[in-house]
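A look at the structure
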Amino acid sequence: MEKTKPFNIPKKLFVQAYKLVRANAGAAGVDQESLEDFGRNLKDNLYKLWNRMSSGSYFPPPVKAVPIPKKSGGERILGVPTVSDRIAQMVVKLTFEPCVEPHFLPDSYGYRPNKSALDAVGVTRKRCWQYDWLLEYDIRGLFDNLDHQLLMKAVQKHTDNKWVLLYIERWLVTPMQLPDGNLQEKTKGVMQGGVMSPVLSNLFLHYVFDVWMKRHHPTIPWCRYADDGLAHCNTEKEAQKLLTELSNRFKECGLEMHPNKTKIVYCKDGKRKQEYPNNSFEFLGYEFKARECRNMQDNSIFISFTPGVSKTALKSMRAKIRQSNVRNRSDLKLQDIAIWYNPILQGWFNYYGKYNKSALDPLWRHFNKMLVAWAMRKYKLLKRRRGAAALFLEGLSEKQCSLFVHWRFGVRHAFA
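Notes on the structure follow.

What counts as what
- Residues numbered from 1 in each chain as written.
- Predicted model: local features only at pLDDT ≥ 70, side-chain atom pairs only at ≥ 80, totals over all residues.
- Heavy atoms only, no water.
- Disulfide = S-S within 2.5 Å.
- Buried < 20%, exposed > 50% of the residue type's maximum accessible area, 1.4 Å probe, protein only.
- Core = buried A, V, L, I, M, F, W, Y, C linked by side-chain atoms within 4.5 Å.
- Helix = DSSP H or I, 4+ residues; strand = E, 2+ residues; numbered from the N terminus.
- Contact = heavy atoms within 4.5 Å.
- Pairing = 2+ DSSP bridges.
- Axes fitted to C-alpha atoms, helices over the stretch in contact; angles between N-to-C directions.
- 1 Å grid on protein atoms, 1.4 Å probe; cavity = no way out; pocket = protein on both sides within 12 Å on 5 of 7 lines; lining within 4 Å.
- Points joined across faces, edges and corners; volume = space filled by probe spheres on them.
- Nonpolar A, V, L, I, M, F, W, Y, C, P; charged D, E, K, R; others polar.

Overview of the state of the cysteines
For the structure on display, the rule yields zero disulfides. Unpaired in terms of disulfides, Cys253 finds its nearest cysteine sulfur in Cys233, a separation of 20 Å. Judged by its relative accessible area of 9%, Cys253 is buried.

Topic: the nonpolar core
Core analysis: the largest hydrophobic core is formed by 68 residues, its most contacted members being Phe96 and Ile168. Here the element with the most residues in this core is helix 9 (residues 197-216); it accounts for nine residues. Contact partners of Phe96, with chain neighbours within four places excluded, come to Val155, His158, Thr159, Val164, Ile168, Met196, Val199, Leu200 and Leu203. Counting residues in hydrophobic clusters, the runner-up holds 58 residues, among them Cys128, Tyr225, Ile337 and Val372.

Describing the sheet that holds strand 6 (residues 222-225)
Strand order in the open sheet made by the four strands is 6-7-3-8, with antiparallel pairing throughout. Looking at the sheet topology across the chains shown, the edges are occupied by strand 6 and strand 8 (263-266). On average, each strand axis in the sheet is tilted by 20 degrees relative to the strand beside it, whichever way the strands run. Packed onto the sheet, helix 5 (residues 117-130) meets strand 3 (133-138), strand 6 and strand 7 (228-233) and runs at close to 155 degrees relative to strand 6. Taken strand by strand, helix 9 contacts strand 3, strand 6 and strand 7, and its axis lies near 170 degrees from that of strand 6.

Here's the deal with the layout of surface pockets
Approximately 250 Å³ is the volume attributed to the second largest pocket. In terms of lining residues, the second largest pocket is bounded by Leu150, Lys153, Ala154, Lys157, Phe204, Tyr207, Val208, Val211, Arg215, Arg249 and Cys253. The set of elements that each furnish at least two residues to the lining of the second largest pocket consists of helix 7 (148-158) and helix 9. No other element matches the five residues that helix 9 contributes to the lining of the second largest pocket.

Points about empty space enclosed by the protein
Tallying each qualifying case throughout the model produces two cavities of 30 Å³ or more. What the largest cavity holds in volume is close to 120 Å³. Residue lining of the largest cavity: 13 residues in total, with Gln89, Trp171, Leu172, Met191 and Ser197 positioned closest to the centre. Among the elements of the structure, helix 8 (162-172) and helix 9 are those that each provide at least two residues to the lining of the largest cavity. The biggest single contributor to the lining of the largest cavity is helix 8, with three residues. Classifying every residue of the lining of the largest cavity gives eight nonpolar, four polar and one charged. Approximately 40 Å³ is the volume attributed to the second largest cavity. Every residue along the wall of the second largest cavity is listed here: Ile321, Arg322, Asn325, Val326, Arg327, His366 and Met370. Breaking the lining of the second largest cavity down by element, the ones donating at least two residues are helix 11 (311-323) and helix 13 (361-378). The residue inventory of the lining of the second largest cavity, partitioned by class, reads three nonpolar, two polar and two charged.

Here you go:
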């Protein structure tokens, strides 16, 4: 007969957690065990994990430090937990997230069920038409600087589940294994890359920013996606006052505004004529600025403050195309490239084409020119004949307009 465990954790949670972790994929951790390795002896591995967590004897192994490039340049360190630890974290997330999710406010969009970055872009677009001024803030190193004591106080406000509290506390101090094998202890922050980290950071900012704004500035609309936030103001003076107060609020809670990414913006358009140094901003891959728009009723042109894909995002997507080295893959057929790249192109179009589709035209031209370079390498008759290769592909785009995603909606002729 099986002994009674100190904690009653349903076994079905581990099966559900494994399926979610497997769907998210991800690399192996410090133990080098992949998802495939774990799945080969799935029943026993899940049972062992359940047994250890239910008995209170589960201690998370160190996370693997993996440097990843930032879009803005430089690197950030991602902590990669082992497969079993990702499943353990998912078990706790499935139990804890429903306790906090109903308390989060509507204008918090990051890492939440049934909320998306495009939702945040859409609501920001409307508010920029309604308010002349905006405070854009960014928190420097949010994941690295969360105060453990304040965070656990917030966690305890929403659950008294002993095993949930126990394992969250253990994850907070789980060390990181550096590439040289040394362990880096953790006294503050949550691991960027951990399954629980988004929920915990959201909970922390729920009290630091969201609830504070509702209490102290109930008339100022705001929008937050993780550590990126916006607040809309009627005047520059109101925005300056909020900037000072918010900076002090973050300091009280152990956080700091990023000096280079925090600014006041004037939402200049055809009717707002005031001169101001900052009249554009980037948010979630979109750049908000004055753009020419067409009135669908009378076909007239007007200037509106509205979002379109940002230069930073375009640069990142072009870099991905270059890194794939398609232009040198003469072993591939054009259909092979389409099968490879159409899911990627479709994803870019679905996200960045939601607002101001034409802002994506430079990306489609870049991709078409990559195809021209591929054709010159693929076919001897087109070698060193860029113009002929461009005409060849232009003809194909007319005959097979459904071959590539962007050809389907008319961006077919920019090959030269």
